[in-house]
Each structure stands twice: as C-alpha cells, then as structure tokens.
Amino acid sequence: MEAIPVSQICWLLVIVRRAYLAAKVPSLARSVVVVHWMHILGALEEQDPVQAKWMSQQAWREVASSRTAETVLWCVQSAHFIDDLSGLPFWLVVGGEDGRGGPTRSVLLAWLESLVFKLESRPALGKYGPEGNSSQVRARHLSKVMAELRA
C-alpha cells in the first residue's frame, strides 16, 4: 500500500478525529482546545442544515483567533461541506476590523486569494472526506464570498 502524500491529507478530518479521541481521555476531555474542536465536529455531524450552519458559525468563531492563512482551508472545507460558503466571513471575522478575535475582512480576503492560487495550482488540496468521496472545494467556489468581502 502506497503512502498518501502529506499535501493530500485532509487535515480537517485528522484534527477532528484527534479531538474526538482526546475527548475520550478524562484528563484531556475538558481542555478548551478539545472542547472547541468537538463543537466543530458536532456541527459537521448535524443533520438539520439550518442548525448545522448556526452551530458551525458558533464553533468556528470560538477558534477564529487561531486561524491562519495556512489553516483557513479547514474552515472553507467545513463551510463547503454544509453548503455555507457565504457565511464564512461571519464564522471568522470576529471583533470588527481591529482583528481582535479573528482576521479582519481584508486579511480574510487575502487568505482566500492565496488559497484560490493554491487550489488552482493543486486542485487535490481541496479534497476532503473519506477515500473515494468526491467532496472537493475548488477555486471557483470561493469567488462569490471573495466578491462580498471586496464590497
């Protein structure tokens, strides 16, 4: 069996799985980080689409201050999965334009522009889900949210 290249691993699924396993260890279960990631997992598992969008916004806002240009893909994949890419700015831009609590609108736009470039040059980067699943964020999926951020 051939090893999966690190660039093609869906880090979102890896992190959520680790949080799930950590939540089963009593000494880790109450960790703020584990609790936040379990909220994200709960939002991804929610069957009601309206509830999933609301839960995702709340869960990602909790970790918005720790997002970076390198990790914004996880948020984008989550938003794509629950069909809420237009809600992405509400998930991450927390605390207004001063950047407290999350990126500013202009920083988020720069991160998404960088992500679009990466997705155009390496489309497999946008894949998520189990092996054989066709779920994939593509560069074109981000055009509408980027236009809204520019407005």
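Structure first, text after, so check above.
No experiment lies behind these values; they were computed from the predicted model shown. (Residues numbered from 1 in each chain as written. Predicted model: local features only at pLDDT ≥ 70, side-chain atom pairs only at ≥ 80, totals over all residues. Heavy atoms only, no water.)

1. Things to note about the packing of aromatic side chains
In this structure the tally under the stated criterion is three aromatic pairs. When the ring of Trp37 is compared with that of Trp60, the centres are 5.5 Å apart and the planes differ by 85°; the resulting orientation is edge-to-face. Taken together, the residues Trp37 in helix 3 (residues 32-45) and Trp60 in helix 4 (residues 49-62) connect sequence positions 23 residues apart. With a centroid separation of 6.2 Å and 80° between ring planes, the pair formed by Phe81 and Tyr128 is classed as edge-to-face. With Phe81 in helix 5 (residues 72-81) and Tyr128 in the loop between helix 7 (105-121) and helix 8 (143-150), this pair connects stretches of sequence that are 47 residues apart. One aromatic cluster in this structure is built from Trp37, Trp60 and Trp74. (Phe/Tyr/Trp six-rings, centres within 6.5 Å; stacked < 30°, edge-to-face > 60°. Helix = DSSP H or I, 4+ residues; strand = E, 2+ residues; numbered from the N terminus.)

2. A short note on the packing of helix 5 against helix 7
A packed helix pair is summarised by two numbers, namely the angle formed by the two axes and the spacing between the axes. Contact geometry for helix 5 and helix 7: axes closest at 10 Å, N-to-C directions at 85°. Here helix 5 is positioned roughly perpendicular relative to helix 7, judged by the angle of their axes. Each of Val72, Leu73 and Val76 in helix 5 lies in contact with helix 7, whose residues at this interface are Leu108, Trp111, Leu112 and Leu115. Per-class residue counts for the contact of helix 5 with helix 7 are seven nonpolar, no polar and no charged. (Axes fitted to C-alpha atoms, helices over the stretch in contact; angles between N-to-C directions. Parallel < 35°, antiparallel > 145°, perpendicular 65-115°, else oblique. Contact = heavy atoms within 4.5 Å. Nonpolar A, V, L, I, M, F, W, Y, C, P; charged D, E, K, R; others polar.)

3. Here we look at the pattern of salt bridges
The full count for this structure, using the stated rule, is one salt bridge. When the shortest N-O distance is used, the salt bridge between Glu113 and Arg150 registers 3.1 Å. Placement of the pair is Glu113 in helix 7 and Arg150 in helix 8, with a sequence separation of 37 residues. Judged by relative accessible area, which is 36%, Glu113 ranks as partly exposed. (Salt bridge = Lys/Arg side-chain N within 4 Å of Asp/Glu carboxyl O. Buried < 20%, exposed > 50% of the residue type's maximum accessible area, 1.4 Å probe, protein only.)

4. Describing the side chain of Gln136
You can see Gln136 is positioned in the loop between helix 7 and helix 8. In terms of polar contacts, Gln136 uses its side chain to reach the side chain of Arg138, at 3.3 Å. Leave out the neighbours within four places in its chain, and Gln136 touches His80, Pro123, Ala124, Gly126, Lys127, Tyr128 and His141. (Polar contact = N/O pair within 3.5 Å; in protein donor to acceptor, adjacent residues only side chain to side chain.)

5. Thoughts on helix 4
Taking 1.5 Å of rise per residue, 14 residues should cover 20 Å, and helix 4 covers 20 Å from first to last C-alpha, within 8% of that figure. If you check which residues of helix 4 are buried, you get Ala52, Ser56, Ala59 and Trp60. Seen from one end, helix 4 has its buried residues packed into an arc of 90°, which puts them on one side. For helix 4, the N-terminal capping position is held by Asp48, with its side-chain oxygen 3.0 Å away from the main-chain nitrogen of Val50. (Expected span 1.5 Å × (residues − 1). Arc of directions from axis to C-beta.)

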